[in-house]
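Chain by chain, the residues run as shown.
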Amino acid sequence: MGAGQDNKGSEELLEFLKRKRGLDFTGYKRSSLSRRIRKRMLEANIENYAEYMDKLEVDPDEFVHLFNTILINVTRFYRDPEAWWFLREEIIPDIIRLKSGDAPIRIWCAGSASGEEAYSVAMLLAEALGMGQFKNRVKIYATDIDEDALFAARQATFERRHVEGIPPDLLEKYFEQIGSRYTFRQEPRREVIFGRHNLIQDAPISRIDLLICRNVLMYLNAETQSQVLTRFHFALNPNGYLFLGKAEMLIRHSNLFSPESLEYRVFTKMPQANLRDRLLLMNQVHHEVDAGQYLNVVRVRDSSFELSPLAQIVLDKQRHVVLINERAGNLFHLSARDLGRPFQDLEISYRPVELRATLDQAEQNKEPITIDDVEIRAEADKMRFITVHIVPLVDPSAGVLGISINFQDVSDHKHLQQRLQRANQELETAMEEVQSTNEELETTNEELQSTIEELETTNEELQSSNEELETMNEELQSTNQELETVNAELRTLNREFDEVNAFLEAIMYSLPGAVIVLDQELCIVHWDKKSEDFWGLRAEEVSGQHFLNLDIGLPVEKLRKPINNCLRAQSPCADVTVESRNRRGQDFRCAVSITPLERDDRFIQGVILVMQEAGAQ
């Protein structure tokens, strides 16, 4: 899949999640977001985004797996302990000092995951205030976008490995141990309120004294970070604090927050800056001077105006151009012919920025106005940036005499600022990527630990199975010994049976004729070698066949009646002579002796036919 198709599929999936589940991940960084989505798709053995959306349609549980992969809920009690102890020693005492009397203290843990940070700050506040004041004054709002994480946080129950970062005295005081699990005690638990909240879409909680949002902003892109931080600024009280994660610096948002401790990522809220009044002080000189001195002052003034590093245009009260210095003429292609012209007729009045309405505002308010970062195209079509200062020229007695328009070239400063901003962005991105990688490594470590525990359990089960197999092996060995004994007895019986068969074969072979044995159904059960020689059929060819259905040289139909008489015990035996033809095609008279085959109880179970050539001894 190409990069373009991959990006398109990723965006379609994000729109699908927003439409189906109302979760908007479009503000998250695409690199880390795509990496997590692809990870889940590989776990589900799906490579195509369209196929994965089909799976989400038919398998609602897959949404849970995907959200758990995107929203890495890695947290623990007192993560980065030094920062939490700074919070305990410096910030929380300052919050309590500034809150007079019994004024409420409001804490917001944004992106609280499974609740460890909310319970961590609850213990610190309970220690600082005492349990009585803690219950009466403190409210801790813990929010997250992940419903599963909130459900786990509300249970307030943790495994032994999750509480390892809690000092032993706090663990004993604020947790109840039940077996191998620890439950946060009910009394402080009541002041922690969990709820679902989307930092990107939902309105912020207001009047907050301490806002904890650790390792959340680093997953958001720059635009979304600005939106969220503006909401945090609104949420905080004038003296409120913002506590961030190690990789979150706020370099680009110094107008909203100032660092209380950059090392521990604790910031204070900045008041919104107001525009400063910029007043032009015009000194009136009342000293009498002679004509030479006056001309000298005029020349100094004109030279100063012409050689000023700022491009300047001065208008009179009627908005006619009265002065243009050399720098302004070169920058905006103005000349002496433009002196005296109405300013509104010049291109500079509306391009690159609309100045006419701003002139009216400055004259009306009698206050300077500054327009920052105006883009212009200079020589060689090069883009430059200027700052426009519009200063009304005010006389205390005569009012507004005119307006001075100054154009300050800030291109170098702007370019340096942009380079610094890009460098800061790259630095923040690199730090966030490192932190993200650390988060993923921690998650992988947790998974490996779980896998090790499963392998240990499997190993114990295998040991148990091996013991059972050893027991079964011993039993099988005993059974094999018994079977060997039985086999030896069977071999002895087979030898005896073979001897009996050989003895019977010898008897049968010693009889003067061919011997055929039939059962009650007249099916052949014995066909000896002499019968094969007489009729040309082997024993395996006729075994089980009906005797009367054989097509041989013997007229078997003539034997039906005497055979049936023997079976019905109507005659003890019968001798029949029939004309026959042997296997060599020679005719002969065959004498057949028919005798019933009886058991000890006189039961007739078949007949015996003895055949020989008539007259043969």
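Residues numbered from 1 in each chain as written. Predicted model: local features only at pLDDT ≥ 70, side-chain atom pairs only at ≥ 80, totals over all residues. Heavy atoms only, no water.

Take the overall build of the protein chain next. Each helix and strand counted, the protein chain has 18 helices and 20 strands in total. For the protein chain, the residues scored as buried account for 40% of the 617 residues in total. For the protein chain, the share of sequence-separated contacts (at least 6 apart) that also reach a separation of at least 24 residues comes to 59%. Surface summary for the protein chain: the accessible area is close to 35900 Å², and the carbon and sulfur share equals 49%. (Helix = DSSP H or I, 4+ residues; strand = E, 2+ residues; numbered from the N terminus. Buried < 20%, exposed > 50% of the residue type's maximum accessible area, 1.4 Å probe, protein only. Contact = heavy atoms within 4.5 Å. Areas by Shrake-Rupley, 256 points an atom, 1.4 Å probe, with all protein chains shown as cover.)

Reading across from one edge, β3-β5-β4 is the order of the three strands in this open sheet, with antiparallel pairing throughout. The open sheet is flanked by β3 (157-159) and β4 (175-178), the only strands paired with a single partner. Across the sheet, the mean angle separating the axes of adjacent strands is 30° when strand polarity is ignored. Relative to strand β5 (residues 181-184), β3 runs antiparallel, the two being bridged by three bridges. The residue bridging Phe-158 from the neighbouring strand is Tyr-182, located in β5. (Pairing = 2+ DSSP bridges. Axes fitted to C-alpha atoms, helices over the stretch in contact; angles between N-to-C directions.)

Spatially, the seven strands line up as an open sheet ordered β6-β2-β1-β7-β8-β10-β9, and their pairing is mixed. Whereas interior strands pair on both sides, the edge strands pair on one side only; in this sheet they are β6 (192-196) and β9 (257-261). Averaged over all pairs of adjacent strands, the angle between their axes in this sheet comes to 25°, without regard to strand direction. As paired elements, strand β7 (residues 208-213) and strand β8 (residues 236-244) share five bridges and run parallel to each other. Within β8, the residue paired with Cys-213 across the bridge is Leu-244.

With six of eight residues buried, helix α18 (residues 560-567) is to be regarded as a mostly interior element. Looking at α18, one finds that the buried residues are Pro-562, Ile-563, Asn-564, Asn-565, Cys-566 and Leu-567. Check the buried side of α18 and you find it contacts β16 (514-519), β18 (574-581), β19 (587-598) and β20 (604-613). Phi turns positive one or two residues past the end of α18, at Ala-569, with a value near 65°.

Taken together, the side chains of Val-500, Phe-503, Leu-504 and Ile-507 make up a nonpolar region of the molecular surface, amounting to roughly 370 Å² of accessible area. Within the secondary structure, Leu-504 sits in helix α15 (residues 411-510). With relative accessibility at 43%, the residue Leu-504 sits in the partly exposed group. (Patch = residues over 30% accessible without salt bridge, like charges linked within 9 Å, V, L, I, M, F, W, Y side chains within 5 Å. Salt bridge = Lys/Arg side-chain N within 4 Å of Asp/Glu carboxyl O.)

What follows concerns the confidence of the model for the protein chain. In low-pLDDT regions, the fine details of the predicted coordinates are not to be read closely. Confidence in the prediction for the protein chain averages 82 pLDDT; 87% of positions are at 70 or higher. A low-confidence stretch, residues 273-295 stays under pLDDT 50, and its non-local contacts, those more than four residues away or across chains, total 11 contacts. (pLDDT = per-residue confidence, 0-100.)

This part covers the pairing of β16. Within β16, five of the six residues are buried, which leaves it mostly tucked inside the rest of the structure. Sheet topology places β16 next to β20; six bridges connect them, and they run antiparallel. Bridged to Ile-516 within β20 is Leu-609. For β16 and strand β17 (residues 524-527), the ladder comprises three bridges, and the chain directions are antiparallel. Its bridge partner being in β17, Leu-518 is matched across the sheet by Ile-524. Following β16, the chain reverses through four residues before pairing antiparallel with β17; Leu-522 in that reversal takes a positive phi of roughly 65°.

The next point concerns a negative patch on the surface. A cluster of acidic residues, Glu-453, Glu-454, Glu-456, Glu-460 and Glu-461, forms a negative patch on the protein surface. Within the secondary structure, Glu-454 is located in helix α15. (Lys, Arg positive; Asp, Glu negative; His and termini not counted. Charge placed at Lys NZ, Arg CZ, Asp CG, Glu CD.)

So, about the nonpolar core. Judged by nonpolar contacts, the single largest core of 44 residues is most densely connected at Phe-77, Val-121, Met-123, Ile-140, Ile-166, Phe-175 and Leu-210. For this core, the element with the most residues is helix α6 (residues 116-129), which contributes nine residues. Leu-210 has contacts with Leu-87, Ile-95, Arg-106, Ile-107, Trp-108, Val-121, Tyr-241 and Phe-243, leaving out every residue within four places of it along the chain. Counting residues in hydrophobic clusters, the runner-up holds 30 residues, among them Leu-559, Ile-563, Val-592 and Leu-609. (Core = buried A, V, L, I, M, F, W, Y, C linked by side-chain atoms within 4.5 Å.)

Now for the state of the cysteines. Overall, the coordinates contain zero disulfides when judged by the stated rule. Cys-213 carries a free sulfur, and the closest cysteine sulfur to it, the one in Cys-109, is 9.6 Å from it. Residue classification places Cys-213 among the buried positions, given a relative accessible area of 0%. (Disulfide = S-S within 2.5 Å.)

Right, let's talk about the pattern of salt bridges for a bit. Counted according to the given criterion, the structure contains 27 salt bridges. A salt bridge links Lys-99 to Asp-209, with the shortest nitrogen-to-oxygen separation between them at 3.2 Å. Here Asp-209 lies in strand β7 and Lys-99 lies in the loop between α5 (81-98) and β1 (105-110), a separation of 110 residues in the sequence. One salt bridge connects Glu-187 with Lys-135, and the closest N-O pair in it is separated by 2.9 Å. Highlighted residues: Glu-187 in helix α10 (residues 186-189) and Lys-135 in helix α7 (residues 131-137), separated in sequence by 52 residues.

This brings us to the packing of aromatic side chains. Remark: the centre distance and the inter-plane angle together describe each pair of aromatic rings, the angle taken between the planes. A complete count under the given rule lists 16 aromatic pairs for this structure. Between Trp-108 and Phe-232, the ring centres sit 5.7 Å apart and the planes meet at 80°, which makes this aromatic pair edge-to-face. Placement of Trp-108 in strand β1 and of Phe-232 in helix α11 (residues 222-235) is noted, with a sequence separation of 124 residues between them. According to the relative accessible area criterion, Trp-108 is buried, its value standing at 1%. Ring centres 5.6 Å apart and planes at 45° place the aromatic pair Phe-534 and Trp-535 in the tilted group. Judged by its relative accessible area of 6%, Trp-535 is buried. (Phe/Tyr/Trp six-rings, centres within 6.5 Å; stacked < 30°, edge-to-face > 60°.)

Let's shift gears to the packing of α5 against α6. Their axes nearest at 10 Å, the elements α5 and α6 cross at an angle of 55°. In terms of their interaxial angle, α5 and α6 are classed as oblique. Helix-helix and strand crossings are classified by hand; for α5 and α6 the assignment is right-handed. Seen from α5, the contacting residues are Trp-84, Trp-85, Arg-88, Ile-92 and Ile-96; seen from α6, they are Glu-117, Ser-120, Val-121, Leu-124, Leu-125, Ala-128 and Leu-129. For the contact of α5 with α6, the class distribution of residues is nine nonpolar, one polar and two charged. (Parallel < 35°, antiparallel > 145°, perpendicular 65-115°, else oblique. Left-handed = near helix turned anticlockwise from the far one by under 90°. Nonpolar A, V, L, I, M, F, W, Y, C, P; charged D, E, K, R; others polar.)

With that out of the way, let us pick up unusual backbone geometry. Cis geometry marks the peptide bond from Arg-351 to Pro-352; its omega dihedral reads 15°. Position of Pro-352 among the secondary structure elements: in the loop between α13 (326-332) and α14 (356-365). Not every positive phi belongs to a glycine, and Arg-319 is a case in point at roughly 70°. Looking at the element boundaries, Arg-319 is found in the loop between β11 (311-316) and β12 (321-324).

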